[in-house]
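Residues per chain, in single letters:
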Amino acid sequence: MALAIVAALAAPALAGAPTEALSASIDTIIALLADPAYKNPDTRPAMRAKLITAIDAVFDMKELSRRALGAQWNRFSPEQQQRFVTAFGQLLQNTYLDKIESYTDEKVQYLKEQDLGTGKAEVDTRVVGKGKEIPISYRLSDHSGWKVYDVVIEGVSLVQNYRTQFGQILVNETPDALIAKIAAKKS
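Bear in mind that the values here come from a model prediction, so they are computed numbers and not experimental data.

*Asks:* Would you explain helix α4 (residues 44-58) in this entry?
*Replies:* An α-helical segment advances 3.6 residues per turn. Residues three or four places apart therefore align on the same side. Between its terminal C-alpha atoms α4 stretches 21 Å, which fits the 21 Å expected from 15 residues at 1.5 Å a residue. When we look at burial in α4, the residues that qualify are Met 47, Leu 51, Ile 52, Ala 54, Ile 55 and Val 58. Looking straight down α4, one finds that the buried residues subtend no more than 165° of arc, so they occupy a single side. Turned more than 90 degrees off the buried face of α4, the exposed positions are Pro 45 and Thr 53. Contacts made by the buried residues of α4 are with α2 (17-34), α3 (36-39), α6 (78-101) and β4 (146-153).

The structure is reproduced here in structure tokens:
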């Protein structure tokens, strides 16, 4: 996911609404990371809170969570679903925030934007830097604005990866047990 955020760091070559929405959100994130106040220990906590808000603005955590659970989502009560969204969002934040903050000068190429139908699109990018090229695709949906619901890095879907893990846990555990396990993880 850290690379997913970094992947949108260059001005997009595409003019479609999904790419424009992704780029606008990422521009905000990059501006925060580049702000000298982010390096200052006194102002860093406030800047980090702004970064988290900006990241939350581009990702649809409810949809990402629903897809990460797949058919298991329906086993969860509405209250459990909300707790899962919160816990999973915190897990992703804890796992990837430090990686996002380590952004240096990687360049991004926007390769193409595909209409996936019914308010869905995919934006393919490639991150180029430090002798490596990493393909990253963002899957977005339009629910009162384009938001990311999955990230595919080098052919591996974030959603599918977590769906497999969560499915294995839910074979023997309850939704509450899964939520507790996710909430207990620090990274």
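*Asks:* Just to check I follow, could you spell out the packing of α2 against α4 for this structure?
*Replies:* Packed helix pairs are characterised by how far apart their axes lie and by the angle those axes make with each other. Running from N to C, α2 and α4 cross one another at 170°; their axes reach a closest spacing of 9 Å. What the angle tells us is that α2 and α4 run roughly antiparallel. Contacts between α2 and α4 involve Leu 22, Ser 25, Thr 28, Ile 29, Leu 32 and Leu 33 from the first element and Met 47, Lys 50, Leu 51, Ala 54, Ile 55 and Val 58 from the second. Tallied by class, the residues present in the contact of α2 with α4 amount to nine nonpolar, two polar and one charged.

*Asks:* Quick question: what am I supposed to make of the nonpolar core here?
*Replies:* Inside soluble globular proteins, nonpolar side chains tend to come together where they are buried. Counting residues in each nonpolar core, the largest one holds 50 residues, and the members touching the most others are Phe 84, Phe 88, Tyr 162 and Phe 166. If one sorts the elements of this core by residue count, α6 sits on top with nine residues. Look past the residues within four positions of Tyr 162 in its chain and what remains in contact with it is Ala 68, Phe 88, Leu 91, Leu 92 and Tyr 96.

*Asks:* Looking at this model, I keep getting lost on α6. Mind explaining?
*Replies:* For α6, spanning 24 residues, the distance from its first C-alpha to its last is 34 Å, which sits close to the expected 34 Å at 1.5 Å a residue. If you look at α6, its biggest bend is around 35°, right at Thr 95.

*Asks:* What am I meant to see in the pairing of strand β3 (residues 132-142) here?
*Replies:* Put simply, side chains in a regular strand alternate between the two faces of the sheet. As paired strands, strand β2 (residues 120-129) and β3 are joined by ten bridges and run antiparallel to one another. Directly across from Ala 121, in β3, lies its bridge partner Leu 140. Connecting β2 to the next strand, β3, in antiparallel fashion are two residues, including Lys 130 with a positive phi near 50°. Of the strand pairs in this sheet, β3 and β4 are connected by seven bridges, and their pairing is antiparallel. Along β4, the bridge assignment pairs Ser 137 with Val 152.

The rules behind these values
- Residues numbered from 1 in each chain as written.
- Predicted model: local features only at pLDDT ≥ 70, side-chain atom pairs only at ≥ 80, totals over all residues.
- Heavy atoms only, no water.
- Helix = DSSP H or I, 4+ residues; strand = E, 2+ residues; numbered from the N terminus.
- Expected span 1.5 Å × (residues − 1).
- Buried < 20%, exposed > 50% of the residue type's maximum accessible area, 1.4 Å probe, protein only.
- Arc of directions from axis to C-beta.
- Contact = heavy atoms within 4.5 Å.
- Axes fitted to C-alpha atoms, helices over the stretch in contact; angles between N-to-C directions.
- Parallel < 35°, antiparallel > 145°, perpendicular 65-115°, else oblique.
- Nonpolar A, V, L, I, M, F, W, Y, C, P; charged D, E, K, R; others polar.
- Core = buried A, V, L, I, M, F, W, Y, C linked by side-chain atoms within 4.5 Å.
- Bend = angle between axes of the 7 residues up to and from the residue.
- Pairing = 2+ DSSP bridges.

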